[in-house]
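# Examination of the molecular architecture
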Amino acid sequence: MKILRLIIILPLIIMLGYFGVESYKHAKAYEEATASIAKQSDASGLAQGKLDKLTSVISFGLIEDNTKIKLDRFKNQQSKSKIASQTYLYYFMLTLVVLIMLSFTCTLASSTLILAIGSLISLIFGLINPILMVTIHKEVNHLGDVILSFESKGILGSISKLFESGENIVALTILLFSVIIPVLKITTLIFTLLAKEFNIAHTLVNFFKHLGKWSMVDVFVVATLLVYLSSNQGEVSHAEIQVGLYFFLAYVLLSMVTTIQTQKVLNRRVAN
């Protein structure tokens, strides 16, 4: 029975990584396509588009409207990439749910280890994926809706930008609570589950258990709002949530459960 569970669980963990990678690849493709569309829709791009359209009309279609052709290609790529990224995100979450359900059939220690691995994978993709796309645009006479700026933001990218803009304290705070502590926390939990005999394991688990109650969700929400507000320059802005947010939230929830479960594993070991 144990071997059968192992045969089922290992491929699920591999699938989890595969779906995460595919979602990331398509999320980046969506980001690139959206950036290209934004570039085509700035003032110079729209002016060039009107010129190409006029040239095509005057030549009775003998000269192609290259701007429109490029824009249509980017929009097609954008649509396909967005759907693919979200689809693989759904596959990831579905696989994660199945993995969690299977973990209930294992021992407490094995179940907790499975949750910890799922947490770590979710964290990785939560950190590297974009979490928010912000477009700032303005209606301009004779040109139409002009995109003034476009930015795609992930946790790591946002921290880097904050450092570049001189917001070192804010950047360090987000880096600490959204990157360093989560990575240390989940790797510590995995280490604790694999080497429960170390006395320091109890101290580390208790520390991260109390810290995790407030550090994850609150700081991450503040970081997201900060990124959004820092991008709002007084014009009309449009913010779009990306897949990275869902990966990170999956980590937040799983890590909390994993911490509690790890504490139970250690308590049982002490009792025995």
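Residues numbered from 1 in each chain as written. Predicted model: local features only at pLDDT ≥ 70, side-chain atom pairs only at ≥ 80, totals over all residues. Heavy atoms only, no water.

Moving on, we get to the pattern of salt bridges. Here the structure, examined in full by the defined rule, presents 6 salt bridges. Lys-153 serves as the salt-bridge partner of Glu-151, at 3.2 Å between the closest nitrogen and oxygen. Look at Glu-151 and you get partly exposed, because its relative accessible area is 23%. For Lys-153, a relative accessible area of 6% corresponds to the buried category. Note that Lys-161 and Glu-151 form a salt bridge whose closest N and O atoms lie 2.4 Å from each other. Here the residue Lys-161 occupies a position in helix H5 (residues 155–164), and Glu-151 occupies one in strand E2 (residues 144–154), the gap between them amounting to 10 residues. Residue classification places Lys-161 among the partly exposed residues on the basis of a relative accessible area of 33%. By sharing partners, the salt bridges in this structure join Glu-151, Lys-153 and Lys-161 into a single network. (Salt bridge = Lys/Arg side-chain N within 4 Å of Asp/Glu carboxyl O. Buried < 20%, exposed > 50% of the residue type's maximum accessible area, 1.4 Å probe, protein only. Helix = DSSP H or I, 4+ residues; strand = E, 2+ residues; numbered from the N terminus.)

Before going further, it helps to examine the environment of Thr-67. One can find Thr-67 in helix H3 (residues 66–103). Distance in space between the C-alpha atoms of Thr-67 and Lys-50 is 8.7 Å, their sequence separation being 17 residues.

Scanning the entire structure with this criterion turns up 9 aromatic pairs. Judged by centre distance (6.2 Å) and plane angle (35°), the ring pair of Phe-19 and Tyr-88 falls under tilted. Of this pair, Phe-19 sits in helix H1 (residues 2–40) while Tyr-88 sits in helix H3; the two residues are 69 residues apart in sequence, bridging distant segments of the chain. Each member of the pair, Phe-19 together with Tyr-88, is buried. Here the aromatic rings of Tyr-88 and Tyr-91 are separated by 5.9 Å at their centres, their planes lie at 85°, and the arrangement is edge-to-face. Of the two residues, Tyr-88 and Tyr-91 both sit in helix H3, 3 residues apart, roughly one turn of that helix. Three or more aromatic residues link up through ring pairs in this structure, and these residues are Tyr-18, Phe-19, Tyr-88 and Tyr-91. (Phe/Tyr/Trp six-rings, centres within 6.5 Å; stacked < 30°, edge-to-face > 60°.)

Moving on, we come to a nonpolar patch on the surface. Taken together, the side chains of Ile-3, Leu-4, Ile-7 and Ile-8 present a nonpolar region at the surface, about 400 Å² in accessible area. Looking at where Leu-4 falls in the secondary structure, it is placed in helix H1. On the accessibility criterion, Leu-4 (47% relative accessible area) is partly exposed. (Patch = residues over 30% accessible without salt bridge, like charges linked within 9 Å, V, L, I, M, F, W, Y side chains within 5 Å. Areas by Shrake-Rupley, 256 points an atom, 1.4 Å probe, with all protein chains shown as cover.)

Residues with a pLDDT of 70 or more make up 81% of the protein, whose mean pLDDT is 80. Averaged pLDDT values over the elements of the protein bottom out at 57 in helix H7 (residues 200–231) and peak at 92 in H3. (pLDDT = per-residue confidence, 0-100.)

Take the nonpolar core next. The nonpolar side chains of soluble globular proteins are, as a tendency, buried together. Ranked by internal contacts, the top residues of the largest apolar core, which has 22 residues, are Leu-123, Leu-127, Ile-155, Ile-159, Ile-186 and Phe-248. For this core, the secondary structure elements donating two or more residues are helix H4 (108–128), strand E1 (130–140), H5, helix H6 (168–194) and helix H8 (243–271). When residues in this core are grouped by element, the largest group, 7 residues, is from H6. Those residues within four positions of Leu-123 in sequence are excluded, and the remaining contacts are Pro-182, Val-183, Ile-186, Phe-248 and Tyr-251. Counting 20 residues, the second largest nonpolar core, distinct from the first, contains Phe-19, Phe-92, Cys-106 and Leu-254. (Core = buried A, V, L, I, M, F, W, Y, C linked by side-chain atoms within 4.5 Å. Contact = heavy atoms within 4.5 Å.)

Now for the pairing of E1. Buried residues dominate E1, accounting for 8 of its 11 residues. Two strands pair when backbone bridges link them, and E1 and strand E3 (residues 236–241) are joined in this way by 6 bridges, in the antiparallel orientation. The residue bridging Leu-132 from the neighbouring strand is Ile-241, located in E3. (Pairing = 2+ DSSP bridges.)

So, about the packing of H5 against H6. Running from N to C, H5 and H6 point in directions that differ by 160°, and their axes come no closer than 8 Å. The orientation of H5 relative to H6 falls into the category roughly antiparallel. Every pair of crossing elements has a handedness; the one defined by H5 and H6 is left-handed. Together, Ile-155, Leu-156, Ile-159, Leu-162 and Phe-163 of H5 and Asn-168, Val-170, Ala-171, Leu-172, Ile-174, Leu-175, Ser-178 and Val-179 of H6 make up the contact between the two elements. Taken together, the residues that form the contact of H5 with H6 break down as 11 nonpolar, 2 polar and no charged. (Axes fitted to C-alpha atoms, helices over the stretch in contact; angles between N-to-C directions. Parallel < 35°, antiparallel > 145°, perpendicular 65-115°, else oblique. Left-handed = near helix turned anticlockwise from the far one by under 90°. Nonpolar A, V, L, I, M, F, W, Y, C, P; charged D, E, K, R; others polar.)

Looking at the element boundaries, Ser-23 is found in helix H1. With sequence-adjacent residues up to four places away left out, Ser-23 is seen in contact with Ser-85, Tyr-88, Leu-89, Asn-129, Val-243 and Phe-247.

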